[in-house]
Every structure is written in structure tokens, then in C-alpha cells.
Amino acid sequence: MLDILPQLLVSGLLIGGVYGLLSIGLTLIFGVLRIVNFAQGEFIMLAMFGAFWLYTLWGIDPYLSILIVTPVVFILGLLVERVVIKPILHAPHAMQIFATFGLSVILQNIALTFWGPDYRSVQTGYSAQSFVVGNVAISASSLYAFVVAFLMAGVLIAFLQFSRDGKALRAMVQNRYAASLMGVNTERLNRLAFGAGVACAAVAGCILTPMFYTFPTAGVDLIITAFVVVVLGGLGSVAGAMVGGLIIGVTQTLTGFYVSVELKDVIALVLFILILLIRPQGLFGRAGMEEVGTK
Amino acid sequence: MTRTTARPIGEELLRAQGLVCRFGGLIAVNEVSLSVADREIVGLIGPNGAGKTSLFNILSGQLRPNSGSVSFAGQDITGVSASVCARAGLGRTFQIVKPLVSLTVHENVIVGALLHHPLAAAREKAAEIVSRVGMGRLLDQQASNLTLESRKRLELARALSIEPRILLLDEILAGLNASEINESIDLIRSFAHEDGLAVIMIEHNLHAVMSLADKVVVLDYGRKIAEGKPEEVVRDPAVVAAYLGSDD
Amino acid sequence: MSAVFNDYYLNIAVMTCLWAALSGAWNLMAGYGGLVSLGQSAFFGIGAYITAIAFTKYGVSPWLGLIAGIFVTTGLAVAISWPCFRLRGAFFSLATLVFPIAMEIVANNWSDLTRGPSGIAIPFQPSLSTFIFGSRWAYLIAAFALMVSVYAITRWMHRGRLGLYLIAVRDDEATAASMGIKTVRIKLIVTMISAALTAVGGFFYAQYILFLDPPSVFSINISVQIALLSIIGGLGTPLGPIVGSLVMTPLDGVLSQFFGGGPRLLIYGAVLLATVLLAPKGIVGTLKAWRRT
């Protein structure tokens, strides 16, 4: 029983890295705009379809299509921020929720209408490949995904830490009002943060494509996991999202093997309730963050 | 602006003992003790950042102290929640006034009156309180449409609506003009004298404090540095030193 | 005049009333209390399943199943929403999304009880004690009664003690607490009422459609529909859900003749977004605002 543990840990960590990447966008958008982007899963799904079509029609590898899909989704994000998000930034919570929720319904059903409900998959050369280290088999696509996820997270964290805009964004996460008093152009940065947030979703979508099925409601399950990761890691914390992702990934694989397969799907939900009860601000969040409204 | 002649100050109502409150490395409230009696008006003054609002937050249940105790009408209410404090008889206004924007002025006050009355009686009581604070003609106005002065009066009306035994007023006079301030001073005085309420007021307006307070407590950097009659405290060298360099 | 008795139109009328009732139950929590639950379908599905299971598996009258359903959903509502109350705004909503998903997984896997993915078909045994009727008119009367009950409860709450307390908690929880309101208790009360009424809707659905399976009763689309109707009609007003349902349900009937699932939901999503951006007060709310000026 125990000798399979290293295999489980590795698989869990690998998928956890991807979960982290899924969640970074969500936590960034929330930290800066104080809006939960219910459509985050749909941006991932759109990217998956983008990667799928680029591969199916023109044979472009999903990892390469990151270079094409991400800018497109980024620009889409800027547009969405302008049209949907900006008008509701100071609206009552219910309206904010339904703005992005409505968007998510729209995007899901655009995909459904144009591409149908069928599950698509992308089988690249390395989809079935795996490396064997000791008695652990590492699937190639999981490994690549993990590497890209951490690279992407690293780039983002570096941007937030060292660039001028990045520092302004971090200031906004800590205290919007103070940041605006310091001359930070919150309007422009809101747009940037949203665009960056969905761009992260796009990268995640592309690297998920060789690993999972692509279908219009793929975003729905992913956003639940992303949300649990964000709450675990701490709202607004990018590093927290990565750590949270790893934890969830490992917990899932361990549960799936040692407890039961059905419970694997439910474990994230159980963890979620436990976090809320024990430490609602998550690992890296500041106490009270989860109670933050947009005021 | 005459001081009132002595009138009977009642028994001790609120006693805070050795209150300490820390935020990380910062000590906001440092071993503060305070007592207020029925019908007594206490002025709480001190430079900005002295810990006055934090002290209020502890007294009215928004904040839990790290150590120390608060007793009210003989009962220990240390660390108890805000709604329990309110139900025990502590009414307070907030520095940043936040009326319930979806409701009218009347409804804002009814919410508090419902604590001790059924709906029909609460409506009447609320209307009385609203006209008492001088907002009678704004009774059915949406709270979101009020001027700052009206919002402050509404804040006061709301604090009164729960029929408190003590009123904690946090800079209720800030932002008002001279005649508004004088009206408010008379109003506050009437609460203590006519209704028998105890009052603690955080104020930067020393003229108002001098005219209203029976006793003044001075905080600086979280510590109590003086306590006594207004005329005495204002002349206390420690108090003068604390205010030197500030813009008051 | 014979068109009025047409079965098709009767069905639309029944569904209009049912959706108005379900949306009205949600409106209590979300419109008045500011607790935007996206997981109402959990209560709906449980109400439906308990009714169906009680009847088909244990031969117990659906009315008893209804009572059991109300107890279970109310208890569940307390258990699951209480830890979520410390989440504000959108995070509360995201948390509520989780429960229908969990319920659907349970329903799919606990096959002994729920017959899993194949669902439960309820035998057509018309009688008052089984709440199954041959004539749609009987269902229409029942659905109408349910809708009116929800409306009456909302009206009673609207600007009554509970309604004012809810609005206070919604507008500013700290202020509400400082006025002596037991904020958690208020939230629990409205959640319980909302859950119970939604479960009643589930009971009705089971005995009307006579078939249910996990996706049909736990689907997120139910939660979307419920929210959409109140928002279009007017969130936080007693008539809002009814107006919203009167507008959207017949429209849905018409649209479903021409469009399949995808395009139809696309239209609803667009309508939802447009309403939120352009007319957030909904029909009733906007009319009220016009009348005030």
C-alpha cells in the first residue's frame, strides 16, 4: 500500500501545480477588483477550445498555442472589463454576482451552440508518454503542465514584485483607497488585472488540453476546484494559490486511492467547508479578507 | 454657553478596568480604566490616533480586548458581541456615518425601536425620536439622499432608538457648522438631564466638551494621561504637551 | 376560447406559477437578505427526491414525504449555510454553488435509495392523497396557491419586523449588530424559510412531472432560472418574481419550440446580463422608481 505513495504524491503535485495556475487568475482579480469572476472557468474552457481547434485544424501543439490563445483571451478580458465589470464595480453584491454569472452562462452556451456538447480531446505525441523514475511513472503532459504552471506563476509573481504596475497592483490589493490617493490609476489597473487574470486562465486552459477533455461545461467543475484552492491559499494571495493548488492536488490523489474514487470528487468540497470553519482567511490571507466587501 | 449647575449624577453605570488592545505590534489601548455614571457626560479627548475609537469599539463590542474588563450595570460584558452590548443598553454612533441606505429615515429608526417594541409601537416611538432630533420633516426621506448633517442626526436617532442607558458618541459634531453644533450640544445635554442617559463623547471640539462634560478623560498613544473636570484637564501640562504640535 | 383549455397553455400556466413560487422563495433570501444563494436547486432536488422516494420505495403518501422534505431541507440549510455566513457577498454565493453539485453526486451514487442516474419514475395513481391528478387544472390550482402563499409571506415580511431586520443586515451588518439585531439568527431564519418553500416546490414538481433524475432536479440551470426571474421582475419586491415569471416562462415555452438548449440558455444569459447592466431594479423596481419621481 505504501509503496504506491511516492507515485500518488508526484501525480498529486503535478496536477496541483495546474490547479494553482487555474486559481491565480481568480485570486488576482478578486484581490484587485474585489470581484469574484464567476466566468473564470469559461475563460479556461474557451482557451481549451482555442487550443483544440488550433491543434485539430492546423496541427499546432497546445503549448505553442499558448502564444496565440493567451493574447487573444487577454484582449477579450480587457473588453469584458470595460463592458461588463467596470459598470458594476460599485453596484450591490447581487448585481456584481449576476454580471459575471450571466457572462459565464453566455460563454458556456456560445460554446455549446457553436461546438456542441461533445467531449473533444487532443492527443499529442506526448499525451500517452511517461517518464519512469524509480518506481514512479510521471506522465509527460502532466510534467510539462506543471513546469509551465510554475513558470507562469513565477513570471506573474516577479511582475507583481518588481514592476511598477505590479507594485501598484499589490498596493491596490492591500488598500484600494490608499492606493488611489497615491496617484495609482485604479481604472487602468483594474483593466490590466482583469486581463491578466483571464490570461492566466488561458494559459491554464492550453496546458490542460492534452490532459483532459474539452467541452462547453468544462469550466464549471474547474471553477469549483479553483475556488477551493483560492480560499485555502488565501484570497488575494498569488503564492497562496500555488501552495493551495498543490495541497488540493495531493489530497485528491491520496483520497482517490486510499479512500474511494467517488470521494475524490467530493473531497475538495469537504476541505472547503473545513477551511471555512477552521481558518477562513486561508493560509496566506489576512484575517478578515473573506469578509471584505467592495466598499 | 453657560455650564449647567450641578445636578444629581447617578450611580456608576459603566466601568472599564485596565483595558489593553493590541494590533500586531501596535498597542492601541494601553491599560485604560474609565468609569461613567448615570446622567454623567464624559468627554474623551486626545490627539488623532490616541486610541479613542478603539476604546469605544471595545466598550460597545466591536473589538475584543486582549486584557482588562468592562462591566455595565453590574454585569460583566467583556468581549461580548456588538449586538449583545446593544441589547444590554449601550448605544453608539460611528465616526463614519453609515445609514441603512435602502430604508427611509423613519425605517432606519424603527429598526432600533423594534428591539423593545412590537411593530406598531415601534413606528410611533421612532417617529417621536426622529422629531426629537429635529428631523421630523425628513421622516419619509430615503436615507441615501441625506446631507451630512442629517446623516449625523439620523445616526444619533438610531443610537437612541434602542433605548440605551448609555450613549457612546464618536465625533458626532465633526463636519457641522456653528449653529448645528450648538443645536447638537443642547440636544445631547437634554439626553443626560431629561432622559437620564449617561454619555461618553469623543470630540475634537474642545468648546463643546467644555460646555457639556462633567468630566474629561484624555488619551495619548493609548494611555490615559489625565482625568478630571474640563477646566482642570485643559490646563494640565501633560495634556498641553500632548496637543502641542497637533493642529487643534 | 377552447384554446384556453388547451393542455399546452395549461402546462405553461402551471410552470409559470411554480417558477414564480420558487423564485419568490429565493427572493426572500437574496432580495431582502442579500444572501445570494446559487444553490437553491439543492433544496429543490431534495424536496423532489424525498417525495419520490417516500412514495415509490416506501409506499408512504407524498404528503408525508413533503413534511419530511421540509424538515430535511431546513435542517440541511442550517447546517450548510451557517459556516458560509462568515463569507460575504460573492464568496457566499460561490460557496452555495457547491451544494447542488454535492447533492447530485450523492444522488448519482446512492443508487439503493435514489436509483442513481436512471432516476425515479412515479406511477400515475391519481388521488388527493397522492397529490397526483388527471387534470392539469388541479395542478394549476395547487401551483397558484403555492405562488400566492409565497407572495403573501413576502408581503408580510416586506417592511415588517423580519423584513426590516433583513434589510438592515443586508445593508450594513455592523450597523445592524450595533442596533441589537442577532444577525446570524436572522440570516438563518430567512434561509430556513427559503429552503422550506423551495422544497415544497420540489415536492410539487415530482408529483407533476412524475419523473426525476439527478441532472433534472439538481442542475445549475434551475438556480439560474430562479435568479433570472426575480432579477428581471424586481429583486427585493414581493411582485418581482411573479412579474418575472409571467414574462419569462411563456417566453421560454415559445423559445423552446424554435431553439434547443444551448441557444435558449444563451439568450437567458444575455437577458440576465443586460438586465443587470441596464435595468438592475427589474421591471417592478424601475416602475416604482419612476412613480416616485
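Just above, that's the structure.
Residues numbered from 1 in each chain as written. Chains lettered and ligands numbered in written order. Predicted model: local features only at pLDDT ≥ 70, side-chain atom pairs only at ≥ 80, totals over all residues.

1. Observations concerning the overall build of chain A
Part 1: When helices and strands are counted, chain A shows 11 helices and 2 strands.
Part 2: With 295 residues in all, chain A has 54% of them scored as buried. (Helix = DSSP H or I, 4+ residues; strand = E, 2+ residues; numbered from the N terminus. Buried ≥ 20, exposed ≤ 12 C-beta atoms within 10 Å, placed from the backbone.)

2. Side note on the interface of chain B and chain C
Many authors give the size of an interface as the accessible area that is lost as the parts come together.
Part 1: Each partner contributes residues to the interface: chain B has 22 residues there, and chain C has 17 residues.
Part 2: When the residues that make up the side of chain B that touches chain C are grouped by side-chain class, the tally is 11 nonpolar, 6 polar and 5 charged. (Contact = placed C-beta atoms within 7 Å. Nonpolar A, V, L, I, M, F, W, Y, C, P; charged D, E, K, R; others polar.)

3. Let's talk about the nonpolar core
If you look at soluble globular proteins, the nonpolar side chains tend to sit buried side by side.
Part 1: Counting 274 residues, the largest nonpolar core has Val18(A), Ala47(A) and Val199(B) as the members making the most contacts within it.
Part 2: The dominant element in this core, judged by the number of residues it contributes, is helix α8 (residues 186-208) of chain A, at 15 residues.
Part 3: When residues are assigned to domains, this core turns out to be shared by domain 1 (10-89 + 165-248) and domain 2 (95-163) of chain B, each giving three or more.
Part 4: Leave out the neighbours within four places in its chain, and Val199(B) touches Ile41(B), Val42(B), Leu167(B), Leu169(B), Ile188(B), Phe191(B) and Ala192(B). (Core = buried A, V, L, I, M, F, W, Y, C linked by C-beta atoms within 7 Å. Domains from an automatic or database assignment.)

4. Here we look at the interface of chain A and chain C
Part 1: Across the contact, 36 residues belong to chain A and 35 residues belong to chain C.
Part 2: Going through the elements one at a time, α4 (93-115), α9 (218-233) and α11 (261-278) of chain A are the ones with two or more residues in the side of chain A that touches chain C.
Part 3: The leading source of residues in the side of chain A that touches chain C is α4(A), at 15 residues.
Part 4: Along the lines of polarity and charge, the residues of the side of chain A that touches chain C split into 26 nonpolar, 6 polar and 4 charged.

5. Here we look at the sheet that holds strand β1 (residues 12-23) of chain B
For sheets, the rule is that strands pair by backbone hydrogen bonds, running either parallel or antiparallel.
Residue and element names in this part refer to chain B.
Part 1: Strand order in the open sheet made by the 4 strands is β2-β1-β4-β5, with antiparallel pairing throughout. Sheet topology places β2 (26-37) and β5 (75-76) at the edges, where each strand pairs with a single neighbour.
Part 2: Examined bridge by bridge, β1 and strand β4 (residues 67-72) share 5 bridges and lie antiparallel to one another. Bridge pairing in β4 links Val20 to Ser67. (Pairing = 2+ DSSP bridges.)

6. Quick look at the pairing of strand β7 (residues 166-170) of chain B
All names here are of chain B.
Part 1: Across the 5 residues that make up β7, a large majority, 5, are buried.
Part 2: Burial of the side chains of β7 extends over both faces: Ile166, Leu168 and Asp170 are buried on one face and Leu167 and Leu169 on the other.
Part 3: Relative to β7, strand β6 (residues 90-92) is paired through 3 bridges, and the arrangement is parallel. Across the sheet, Gly91 pairs through a bridge with Leu167, a residue of β7.
Part 4: The pairing of β7 with strand β8 (residues 198-202) spans 5 bridges and is classified as parallel.

7. Some points on the sheet that holds β6(B)
All names here are of chain B.
Part 1: Taken together, 6 strands build an open sheet; the order of strands is β6-β7-β8-β3-β9-β10 and the sheet is mixed. At either margin of the open sheet sits one strand with a lone partner, and together these are β6 and β10 (223-228). Here the strands of the sheet are splayed against their neighbours by 20 degrees on average, with no regard to which way each runs. (Axes fitted to C-alpha atoms, helices over the stretch in contact; angles between N-to-C directions.)

8. Examining the environment of Gly20(A)
All names here are of chain A.
Part 1: Assignment of secondary structure puts Gly20 in helix α1 (residues 5-33).
Part 2: Note on Gly20: 32 C-beta atoms within 10 Å, which makes it buried.
Part 3: C-alpha separation for the pair Gly20 and Gly233, spaced 213 residues apart in sequence, amounts to 9.3 Å.
Part 4: Apart from residues lying up to four places away in sequence, Gly20 is in contact with Ala149, Ala153, Val229, Ala241, Met242, Gly244, Gly245 and Leu246.

9. A closer look at unusual backbone geometry
Part 1: Notably, Glu171(B) is not glycine yet its phi reads approximately 50 degrees, a positive angle.
Part 2: Structurally, Glu171(B) can be placed in the loop between β7 and α6 (178-193).
Part 3: Non-glycine residue Phe131(C) carries a positive phi angle of around 50 degrees.
Part 4: Among the residues examined, Phe131(C) registers 22 C-beta atoms within 10 Å and is labelled buried.

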